[in-house]
Amino acid sequence: SSSSAAAGDEDGVCGESKGWFENLSPEEQQAELSRQAQRDEAGEAEQKKQAIKMARREEERKSREKEEREAARKAMEEKKYMEQIRQRAFQEGVLESEDGYDGCWYVEIEEGTWKKVL
């Protein structure tokens, strides 16, 4: 009976149980600690890589957004400038032609009177 109780203690069934690490020899424990340190270092290195990638992506996103804002601002300036030129041309008597449904171009000479442009 006492031999079965002693065997139970070794199996961790009765009394205080040991973890797998404590069951290793001192050399095996040292090797496991070394492997764990290497895994930790590799994990930290991977985290740093991911952080750098994320920072780079964020920087690229901000740069694209800035370029898009700049392009939109420039397009708006060009549109405003072209409208000013168009209005000046109208004041100077220039007529604007429009595409007709028949493939020809037409100019409105006066209200409701259109003339085909040759």
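Note that this is a predicted model, so its numbers are computed, not measured.

(A) Region of the structure containing the overall build of the protein chain. Counting its regular elements, the protein chain contains 2 helices and 3 strands. The secondary structure elements of the protein chain, listed N-terminal to C-terminal, are α-α-β-β-β. When burial is assessed residue by residue, the protein chain has 4% of its 118 residues classed as buried. Looking at the protein chain alone, contacts between residues at least 24 apart form 0% of all its contacts between residues at least 6 apart. Per element, the accessible surface of the protein chain, about 10,900 Å² overall, is 52% carbon and sulfur.

(B) Quick look at a nonpolar patch on the surface. A cluster of nonpolar side chains, Tyr 81, Met 82 and Ile 85, forms an exposed patch at the surface whose accessible area comes to about 320 Å². Locating Met 82 in the fold gives a position in helix α2 (residues 26-91).

(C) Representation of the environment of Trp 114 within the structure. Assignment of secondary structure puts Trp 114 in strand β3 (residues 113-117). Trp 114 sits in the partly exposed class, given a relative accessible area of 40%. Sequence-wise, Trp 114 and Glu 98 are 16 residues apart; in three dimensions their C-alpha atoms are separated by 9.8 Å. Contacts of Trp 114, omitting those with residues within four sequence positions, involve Glu 98, Tyr 106, Val 107 and Glu 108.

(D) Geometry of the sheet that holds strand β1 (residues 97-99). Across the sheet, 3 strands lie side by side as β1-β2-β3; this open sheet has antiparallel pairing. Each having just a single partner strand, β1 and β3 make up the two edges of the open sheet. Taking the axes of each pair of neighbouring strands and ignoring which way they run, one obtains an average angle of 40° across the sheet. Bridging between strand β2 (residues 105-110) and β3 involves 5 bridges; their strand directions are antiparallel.

(E) Fine view of a negative patch on the surface. A cluster of acidic residues, Glu 98, Glu 108, Glu 110 and Glu 111, forms a negative patch at the surface. If you trace the backbone, Glu 108 turns up in strand β2.

(F) Quick peek at the pattern of salt bridges. Considering all chains together, one arrives at 9 salt bridges under this definition. With a closest N to O distance of 2.9 Å, Glu 32 and Arg 35 form a salt bridge. Of the two residues, Glu 32 and Arg 35 both sit in helix α2, 3 residues apart, roughly one turn of that helix. As a salt-bridge pair, Arg 61 and Glu 58 come within 2.3 Å of each other at their nearest N and O atoms. Residue Arg 61 and its partner Glu 58 are located together in helix α2, separated by 3 residues, close to a single helical turn. Classification of Arg 61 by relative accessible area gives partly exposed; the value is 31%. What makes Glu 58 partly exposed here is its relative accessible area of 32%. One salt-bridge network, held together by shared partners, links Glu 32, Arg 35 and Arg 39.

Calculation notes
- Residues numbered from 1 in each chain as written.
- Predicted model: local features only at pLDDT ≥ 70, side-chain atom pairs only at ≥ 80, totals over all residues.
- Heavy atoms only, no water.
- Helix = DSSP H or I, 4+ residues; strand = E, 2+ residues; numbered from the N terminus.
- Buried < 20%, exposed > 50% of the residue type's maximum accessible area, 1.4 Å probe, protein only.
- Contact = heavy atoms within 4.5 Å.
- Areas by Shrake-Rupley, 256 points an atom, 1.4 Å probe, with all protein chains shown as cover.
- Patch = residues over 30% accessible without salt bridge, like charges linked within 9 Å, V, L, I, M, F, W, Y side chains within 5 Å.
- Salt bridge = Lys/Arg side-chain N within 4 Å of Asp/Glu carboxyl O.
- Pairing = 2+ DSSP bridges.
- Axes fitted to C-alpha atoms, helices over the stretch in contact; angles between N-to-C directions.
- Lys, Arg positive; Asp, Glu negative; His and termini not counted.
- Charge placed at Lys NZ, Arg CZ, Asp CG, Glu CD.

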